[in-house]
Amino acid sequence: MPAILGQNQYGKAEVRIVRLDRATPTHRVKDLNVSVALRGDLADTHLTGDNSKVLTTDATKNTVYALAKKHGIDSTEAFGLLLARHFVDDVPQVREARIRLEEYHWDRIPRNASRSRFVGADEIAHSFVRNGTETRTAQITYNAEQGAEVLSGIQDLVVMNSTDSEFWGFYRDEYTTLKETRDRILATQVTARWRHNRDDLADWDRAYADTRRHLLEAFSETYSYALQQTLYQMGARVIEHRPDIDEVRLSLPNKHHFEVDLEPFGMKNGNEVFYAADRPYGLIEGTILRDGAEPRIPVD
Ligand SMILES: O=c1[nH]c(=O)c2[nH]c(=O)[nH]c2[nH]1
(Lines give C-alpha, C1' and ligand atoms only; values in the text may rest on other atoms or scores of the structure.)
Protein backbone atom coordinates (compact mmCIF):
# COMPACT_ATOMS: atom_id res chain seq x y z
CA MET A 1 0.00 0.00 0.00
CA PRO A 2 1.53 3.34 -0.96
CA ALA A 3 2.48 5.58 1.95
CA ILE A 4 1.73 9.25 2.22
CA LEU A 5 3.23 11.91 4.44
CA GLY A 6 0.94 13.04 7.21
CA GLN A 7 1.27 15.97 9.58
CA ASN A 8 4.81 17.02 10.28
CA GLN A 9 6.72 19.81 11.93
CA TYR A 10 10.30 20.47 12.83
CA GLY A 11 12.46 23.01 14.58
CA LYS A 12 14.85 23.42 17.50
CA ALA A 13 13.61 22.31 20.89
CA GLU A 14 14.70 23.65 24.25
CA VAL A 15 16.78 26.65 23.28
CA ARG A 16 18.00 27.85 26.63
CA ILE A 17 18.38 31.58 26.59
CA VAL A 18 19.20 34.06 29.30
CA ARG A 19 18.69 37.65 28.21
CA LEU A 20 20.09 40.33 30.47
CA ASP A 21 18.96 43.89 30.27
CA ARG A 22 21.95 45.89 31.48
CA ALA A 23 20.63 49.31 30.50
CA THR A 24 20.78 50.42 34.13
CA PRO A 25 22.87 49.10 37.03
CA THR A 26 19.75 47.26 38.18
CA HIS A 27 19.94 44.36 35.77
CA ARG A 28 16.80 42.63 34.57
CA VAL A 29 16.88 38.97 33.62
CA LYS A 30 14.71 36.82 31.38
CA ASP A 31 15.44 33.12 31.46
CA LEU A 32 13.57 31.03 28.91
CA ASN A 33 13.46 27.59 27.41
CA VAL A 34 12.15 28.07 23.87
CA SER A 35 11.00 25.33 21.49
CA VAL A 36 10.27 26.18 17.88
CA ALA A 37 8.20 23.97 15.58
CA LEU A 38 7.57 24.95 11.96
CA ARG A 39 4.97 23.62 9.52
CA GLY A 40 4.51 24.36 5.84
CA ASP A 41 5.63 23.34 2.40
CA LEU A 42 8.09 20.75 3.59
CA ALA A 43 7.13 17.59 1.77
CA ASP A 44 10.24 17.55 -0.45
CA THR A 45 12.77 17.00 2.29
CA HIS A 46 10.72 14.09 3.63
CA LEU A 47 10.00 12.49 0.27
CA THR A 48 13.20 13.07 -1.71
CA GLY A 49 15.73 14.65 0.62
CA ASP A 50 15.58 17.95 -1.27
CA ASN A 51 16.42 20.44 1.45
CA SER A 52 15.97 23.62 -0.53
CA LYS A 53 13.01 24.69 1.60
CA VAL A 54 14.45 23.61 4.93
CA LEU A 55 15.25 26.50 7.20
CA THR A 56 17.80 24.72 9.36
CA THR A 57 16.97 24.05 12.97
CA ASP A 58 20.31 25.67 13.66
CA ALA A 59 18.99 28.88 12.08
CA THR A 60 15.82 28.72 14.17
CA LYS A 61 18.03 28.57 17.28
CA ASN A 62 20.10 31.52 16.05
CA THR A 63 16.89 33.44 15.41
CA VAL A 64 15.86 33.06 19.04
CA TYR A 65 19.15 34.57 20.17
CA ALA A 66 19.27 37.29 17.51
CA LEU A 67 15.69 38.53 18.03
CA ALA A 68 16.23 38.50 21.78
CA LYS A 69 19.24 40.76 21.31
CA LYS A 70 17.51 43.01 18.80
CA HIS A 71 14.18 43.48 20.58
CA GLY A 72 14.83 42.39 24.15
CA ILE A 73 12.41 40.07 25.88
CA ASP A 74 9.58 42.07 27.29
CA SER A 75 7.25 39.25 28.21
CA THR A 76 7.25 35.56 27.41
CA GLU A 77 4.10 35.85 25.27
CA ALA A 78 5.33 38.91 23.39
CA PHE A 79 8.61 37.18 22.59
CA GLY A 80 6.77 34.05 21.42
CA LEU A 81 4.57 36.17 19.15
CA LEU A 82 7.61 37.97 17.75
CA LEU A 83 9.28 34.68 16.87
CA ALA A 84 6.16 33.07 15.43
CA ARG A 85 5.41 36.09 13.24
CA HIS A 86 9.01 36.24 12.05
CA PHE A 87 9.06 32.62 10.88
CA VAL A 88 5.69 32.80 9.11
CA ASP A 89 6.00 36.31 7.67
CA ASP A 90 9.66 36.20 6.62
CA VAL A 91 10.24 32.59 5.55
CA PRO A 92 8.00 31.93 2.53
CA GLN A 93 7.60 28.15 2.87
CA VAL A 94 6.66 28.32 6.56
CA ARG A 95 2.88 28.53 7.06
CA GLU A 96 2.60 27.96 10.76
CA ALA A 97 4.94 28.29 13.69
CA ARG A 98 4.35 26.88 17.13
CA ILE A 99 6.54 28.39 19.82
CA ARG A 100 6.52 26.82 23.25
CA LEU A 101 8.11 28.76 26.04
CA GLU A 102 8.94 28.01 29.64
CA GLU A 103 10.04 30.87 31.83
CA TYR A 104 12.17 30.40 34.93
CA HIS A 105 11.46 33.13 37.37
CA TRP A 106 14.21 34.83 39.36
CA ASP A 107 13.63 36.91 42.47
CA ARG A 108 16.12 39.52 43.55
CA ILE A 109 18.21 38.65 46.57
CA PRO A 110 17.26 40.96 49.44
CA ARG A 111 19.96 43.40 50.29
CA ASN A 112 21.89 43.38 53.52
CA ALA A 113 21.02 46.74 55.07
CA SER A 114 24.53 47.17 56.43
CA ARG A 115 26.19 47.24 52.99
CA SER A 116 25.85 50.16 50.67
CA ARG A 117 27.42 49.52 47.27
CA PHE A 118 24.20 48.23 45.73
CA VAL A 119 21.47 50.36 44.22
CA GLY A 120 17.80 50.01 45.09
CA ALA A 121 16.09 50.23 48.40
CA ASP A 122 16.15 46.68 49.63
CA GLU A 123 17.28 44.48 46.77
CA ILE A 124 20.60 43.73 45.14
CA ALA A 125 20.94 45.05 41.61
CA HIS A 126 22.52 42.03 39.97
CA SER A 127 21.88 39.08 42.29
CA PHE A 128 19.01 36.68 41.83
CA VAL A 129 17.57 33.57 43.39
CA ARG A 130 15.32 31.29 41.39
CA ASN A 131 12.09 30.71 43.18
CA GLY A 132 10.56 27.39 44.03
CA THR A 133 13.54 25.11 43.51
CA GLU A 134 14.97 24.54 46.95
CA THR A 135 14.54 21.83 49.56
CA ARG A 136 15.42 22.03 53.21
CA THR A 137 17.20 18.95 54.57
CA ALA A 138 18.17 17.57 57.98
CA GLN A 139 20.01 14.52 59.22
CA ILE A 140 19.97 13.59 62.90
CA THR A 141 22.23 10.93 64.38
CA TYR A 142 21.79 9.91 67.99
CA ASN A 143 23.44 7.30 70.14
CA ALA A 144 23.50 6.84 73.89
CA GLU A 145 27.25 7.50 74.27
CA GLN A 146 27.79 10.53 72.06
CA GLY A 147 24.36 12.13 72.07
CA ALA A 148 22.84 13.79 69.05
CA GLU A 149 24.43 15.30 66.01
CA VAL A 150 22.36 17.62 63.87
CA LEU A 151 23.20 18.30 60.23
CA SER A 152 20.96 20.86 58.57
CA GLY A 153 21.07 21.70 54.91
CA ILE A 154 19.65 23.06 51.73
CA GLN A 155 19.48 21.54 48.29
CA ASP A 156 18.99 23.12 44.89
CA LEU A 157 19.05 26.76 45.89
CA VAL A 158 19.67 28.30 42.47
CA VAL A 159 21.41 31.67 42.48
CA MET A 160 22.94 33.99 39.92
CA ASN A 161 25.07 37.11 39.84
CA SER A 162 24.76 38.82 36.48
CA THR A 163 28.07 40.65 36.99
CA ASP A 164 30.89 41.01 39.56
CA SER A 165 32.43 37.75 38.43
CA GLU A 166 35.73 37.32 36.60
CA PHE A 167 37.78 34.26 35.75
CA TRP A 168 41.34 34.64 34.50
CA GLY A 169 44.96 33.90 35.33
CA PHE A 170 44.34 30.14 35.37
CA TYR A 171 46.91 27.46 34.63
CA ARG A 172 47.28 26.65 30.94
CA ASP A 173 48.36 23.41 29.33
CA GLU A 174 48.12 22.22 25.73
CA TYR A 175 44.42 21.38 26.14
CA THR A 176 43.39 24.69 27.69
CA THR A 177 41.27 26.75 25.33
CA LEU A 178 39.05 28.69 27.74
CA LYS A 179 39.16 32.45 27.21
CA GLU A 180 39.75 34.70 30.16
CA THR A 181 36.82 36.82 31.21
CA ARG A 182 36.54 40.02 33.25
CA ASP A 183 32.77 40.00 33.37
CA ARG A 184 30.67 36.85 33.34
CA ILE A 185 27.49 35.46 34.78
CA LEU A 186 28.13 33.38 37.88
CA ALA A 187 25.32 30.94 38.59
CA THR A 188 25.12 27.88 40.74
CA GLN A 189 22.75 25.46 42.38
CA VAL A 190 23.74 25.37 46.01
CA THR A 191 23.71 22.14 47.95
CA ALA A 192 24.96 22.74 51.47
CA ARG A 193 25.06 20.90 54.75
CA TRP A 194 26.12 22.38 58.03
CA ARG A 195 26.91 20.70 61.34
CA HIS A 196 25.61 22.14 64.58
CA ASN A 197 27.76 21.81 67.69
CA ARG A 198 24.68 21.67 69.94
CA ASP A 199 21.31 19.96 69.84
CA ASP A 200 19.35 22.34 72.07
CA LEU A 201 18.67 25.33 69.83
CA ALA A 202 15.43 27.05 70.80
CA ASP A 203 14.36 27.74 67.22
CA TRP A 204 15.67 25.50 64.45
CA ASP A 205 13.54 27.26 61.83
CA ARG A 206 15.14 30.55 62.64
CA ALA A 207 18.62 29.03 62.57
CA TYR A 208 17.88 27.62 59.14
CA ALA A 209 16.51 30.90 57.78
CA ASP A 210 19.47 32.81 59.19
CA THR A 211 22.03 30.41 57.71
CA ARG A 212 20.28 30.50 54.35
CA ARG A 213 20.39 34.29 54.45
CA HIS A 214 24.13 34.30 55.20
CA LEU A 215 24.76 31.93 52.28
CA LEU A 216 22.76 34.17 49.94
CA GLU A 217 24.36 37.37 51.15
CA ALA A 218 27.87 35.98 50.88
CA PHE A 219 27.12 34.76 47.36
CA SER A 220 25.78 38.08 46.21
CA GLU A 221 28.28 40.31 47.99
CA THR A 222 31.44 38.49 46.97
CA TYR A 223 33.16 40.04 43.98
CA SER A 224 34.28 36.73 42.58
CA TYR A 225 37.44 35.69 40.76
CA ALA A 226 36.47 31.99 40.94
CA LEU A 227 33.51 29.98 42.12
CA GLN A 228 35.99 28.37 44.52
CA GLN A 229 36.49 31.78 46.16
CA THR A 230 32.73 32.31 46.39
CA LEU A 231 32.36 28.86 47.96
CA TYR A 232 34.88 29.71 50.65
CA GLN A 233 33.24 33.06 51.36
CA MET A 234 29.83 31.44 51.71
CA GLY A 235 31.04 28.87 54.21
CA ALA A 236 33.18 31.36 56.12
CA ARG A 237 30.25 33.77 56.44
CA VAL A 238 28.20 31.08 58.13
CA ILE A 239 31.05 30.09 60.46
CA GLU A 240 31.57 33.76 61.40
CA HIS A 241 27.94 34.49 62.19
CA ARG A 242 26.71 31.21 63.64
CA PRO A 243 28.63 30.12 66.74
CA ASP A 244 26.45 26.99 66.83
CA ILE A 245 27.85 25.77 63.50
CA ASP A 246 31.31 24.17 63.21
CA GLU A 247 31.32 22.88 59.66
CA VAL A 248 29.76 23.79 56.31
CA ARG A 249 30.03 21.50 53.32
CA LEU A 250 29.18 23.00 49.95
CA SER A 251 28.67 21.50 46.53
CA LEU A 252 28.41 24.14 43.79
CA PRO A 253 27.87 23.19 40.17
CA ASN A 254 29.01 25.99 37.89
CA LYS A 255 25.96 26.64 35.74
CA HIS A 256 27.76 27.95 32.69
CA HIS A 257 26.29 30.80 30.69
CA PHE A 258 28.07 31.22 27.37
CA GLU A 259 27.88 34.51 25.51
CA VAL A 260 26.27 33.79 22.14
CA ASP A 261 28.32 34.92 19.13
CA LEU A 262 26.05 37.36 17.33
CA GLU A 263 28.75 38.76 15.01
CA PRO A 264 27.53 36.66 12.02
CA PHE A 265 24.25 38.61 12.29
CA GLY A 266 26.00 41.96 12.51
CA MET A 267 25.37 42.42 16.22
CA LYS A 268 27.63 42.84 19.20
CA ASN A 269 26.44 40.73 22.10
CA GLY A 270 27.54 43.14 24.82
CA ASN A 271 27.14 40.52 27.55
CA GLU A 272 23.37 40.42 27.17
CA VAL A 273 22.44 37.16 25.42
CA PHE A 274 23.60 33.87 26.87
CA TYR A 275 23.25 30.21 26.17
CA ALA A 276 22.52 28.49 29.49
CA ALA A 277 24.21 25.09 29.22
CA ASP A 278 23.05 22.31 31.50
CA ARG A 279 25.95 19.90 30.99
CA PRO A 280 28.78 19.30 31.37
CA TYR A 281 29.29 21.60 34.30
CA GLY A 282 32.15 22.44 36.61
CA LEU A 283 31.54 21.04 40.07
CA ILE A 284 33.20 22.89 42.90
CA GLU A 285 33.02 21.27 46.33
CA GLY A 286 34.56 22.07 49.67
CA THR A 287 34.25 22.07 53.42
CA ILE A 288 34.73 25.16 55.56
CA LEU A 289 35.48 24.50 59.20
CA ARG A 290 35.63 26.41 62.43
CA ASP A 291 39.35 26.62 63.19
CA GLY A 292 40.17 23.65 65.40
CA ALA A 293 37.08 21.60 64.50
CA GLU A 294 37.41 18.18 62.87
CA PRO A 295 35.46 17.52 59.66
CA ARG A 296 32.67 15.12 60.52
CA ILE A 297 30.13 15.43 57.73
CA PRO A 298 30.62 12.25 55.72
CA VAL A 299 32.14 12.75 52.27
CA ASP A 300 29.77 11.55 49.56
O1 LIG B 1 35.00 29.69 38.80
C2 LIG B 1 35.51 28.85 38.04
N3 LIG B 1 36.37 27.93 38.54
C4 LIG B 1 36.98 26.99 37.75
O5 LIG B 1 37.78 26.14 38.25
C6 LIG B 1 36.67 27.00 36.38
N7 LIG B 1 37.07 26.23 35.34
C8 LIG B 1 36.43 26.70 34.24
O9 LIG B 1 36.54 26.20 33.09
N10 LIG B 1 35.64 27.75 34.55
C11 LIG B 1 35.76 27.96 35.89
N12 LIG B 1 35.20 28.86 36.72
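Residues numbered from 1 in each chain as written. Predicted model: local features only at pLDDT ≥ 70, side-chain atom pairs only at ≥ 80, totals over all residues.

Undergrad: What should I look at first to understand the overall build of the protein in this one?
TA: Helices and strands together make up the secondary structure of the protein, namely 5 helices and 12 strands. Seen through its C-alpha atoms, the protein measures out along the principal axes to roughly 80 × 50 × 45 Å. Residue burial in the protein is summarised as follows: out of 300 residues, 31% are buried. (Helix = DSSP H or I, 4+ residues; strand = E, 2+ residues; numbered from the N terminus. Buried ≥ 20, exposed ≤ 12 C-beta atoms within 10 Å, placed from the backbone.)

Undergrad: Sorry, what's going on with the sheet that holds strand S10 (residues 257–259) here?
TA: Picture the strands of a sheet paired through backbone hydrogen bonds; they go either parallel or antiparallel. The sheet built from 5 strands is open, its strands ordered S3-S2-S1-S11-S10 with antiparallel pairing. The open sheet has two edge strands with one neighbour each: strand S3 (94–104) and S10. Going across the sheet, the axis of each strand differs from the next one's by a mean of 35°, ignoring polarity. Across 3 bridges, the pairing between strand S1 (residues 15–21) and strand S11 (residues 273–276) is antiparallel. Across the sheet, the residue bridging to Ile17 is Tyr275, located in S11. Here helix H2 (residues 57–71) sits on the sheet and contacts S1, strand S2 (28–40) and S11; the angle it forms with S1, its principal contact strand, is near 10°. Sitting on the sheet, helix H3 (residues 76–90) touches S2 and S3, and the angle it makes with S3 is about 155°. (Pairing = 2+ DSSP bridges. Axes fitted to C-alpha atoms, helices over the stretch in contact; angles between N-to-C directions. Contact = placed C-beta atoms within 7 Å.)

Undergrad: I'm lost on the environment of Gln93 in this one. Help?
TA: Mapped onto the elements, Gln93 comes out in the loop between H3 and S3. Between the alpha carbons of Gln93 and Asn62 there is a distance of 18 Å; along the sequence they are 31 residues apart. Leave out the neighbours within four places in its chain, and Gln93 touches Gly40, Asp41, Leu42 and Lys53.

Undergrad: Would you take a moment to explain the site of the ligand for this structure?
TA: Surrounding the ligand, one finds Phe167, Leu178, Ala226, Leu227, Gln228, Asn254 and Gly282. Its residues assigned to classes, the shell around the ligand comprises 4 nonpolar, 3 polar and no charged. (Near = placed C-beta within 6 Å. Nonpolar A, V, L, I, M, F, W, Y, C, P; charged D, E, K, R; others polar.)

Undergrad: Would you take a moment to explain the UniProt feature "binding site: urate" (unreviewed entry) in the protein for this structure?
TA: With numbering matched to this structure, UniProt assigns "binding site: urate" (unreviewed entry) to Thr57, Asp58, Phe167, Arg184, Gln228 and Asn254. Over a stretch of 198 residues, the named residues are scattered through the fold, their C-alpha atoms separated by up to 37.1 Å. Its place among the elements puts Asp58 in helix H2. A tally of 9 C-beta atoms within 10 Å means that Asp58 is categorised as exposed. Within the fold, Phe167 resides in the loop between strand S7 (147–161) and strand S8 (186–196). In this structure, Phe167 is in contact with Glu180, Thr181, Arg184, Tyr225 and Ala226, ignoring residues within four places of it in sequence. (UniProt positions renumbered as here; feature names shortened; annotations may be inferred.)

Undergrad: I tried to follow helix H5 (residues 227–241) on my own but got confused; where do I start?
TA: For an α-helix, the turn length of 3.6 residues means that residues three or four places apart are oriented alike. The end-to-end C-alpha distance of H5, which contains 15 residues, comes to 21 Å, matching closely the 21 Å that a straight helix rising 1.5 Å per residue would cover. Listed in full, the buried residues belonging to H5 are Leu227, Thr230, Leu231, Met234, Gly235, Arg237 and Val238. Projected down its long axis, H5 carries its buried residues within an arc of 150°, all on one side. Elements in contact with the buried residues of H5: S8, helix H4 (204–221), strand S9 (245–254) and strand S12 (282–289). (Expected span 1.5 Å × (residues − 1). Arc of directions from axis to C-beta.)

Undergrad: Help me understand the environment of Tyr142 in this model?
TA: Inspection of the secondary structure assignment puts Tyr142 in strand S6 (residues 135–143). In this view, Tyr142 contacts Gly147 and Ala148; residues no more than four positions away in its chain are not counted.

Undergrad: Looking at this structure, how should I read the packing of H2 against H3?
TA: Angle between the axes and distance between the axes are the two parameters that describe a pair of packed helices. Two elements in contact, H2 and H3, have axes separated by 11 Å at closest approach and are oriented at 120°. With respect to H3, the axis of H2 lies oblique. Crossing handedness for the pair H2 and H3: right-handed. From H2, Thr63, Val64, Leu67 and His71 reach across to H3, where they touch Leu82, Leu83 and His86. (Parallel < 35°, antiparallel > 145°, perpendicular 65-115°, else oblique. Left-handed = near helix turned anticlockwise from the far one by under 90°.)

Undergrad: Before we go on, may I ask you to explain the nonpolar core in this structure?
TA: A general tendency of soluble globular proteins is for nonpolar side chains to be buried together. Judged by nonpolar contacts, the single largest core of 50 residues is most densely connected at Ile17, Val159 and Leu215. Split by domain, this core shows at least three residues from each of two domains, domain 1 (15–104) and domain 2 (107–256 + 266–289). In this view, Ile17 contacts Leu32, Val34, Val64, Tyr65, Ala68, Val273 and Tyr275; residues no more than four positions away in its chain are not counted. (Core = buried A, V, L, I, M, F, W, Y, C linked by C-beta atoms within 7 Å. Domains from an automatic or database assignment.)

Undergrad: Help me out: how do you make sense of the domain arrangement of the protein in this one?
TA: Buried accessible area, meaning the area lost when the parts come together, often serves as the stated size of an interface. What the domain assignment lists for the protein is domain 1 (15–104) and domain 2 (107–256 + 266–289). The straight-line distance from the C-alpha centre of domain 1 to that of domain 2 is 33 Å. Tallying the contact residues gives 16 residues for domain 1 and 15 residues for domain 2. Counting only elements with at least two residues in the side of domain 1 that touches domain 2, the list comes to S1, S2 and H2. At 5 residues, the largest contribution of residues to the side of domain 1 that touches domain 2 is made by S1. A class-by-class count of the residues in the side of domain 1 that touches domain 2 yields 9 nonpolar, 2 polar and 5 charged.

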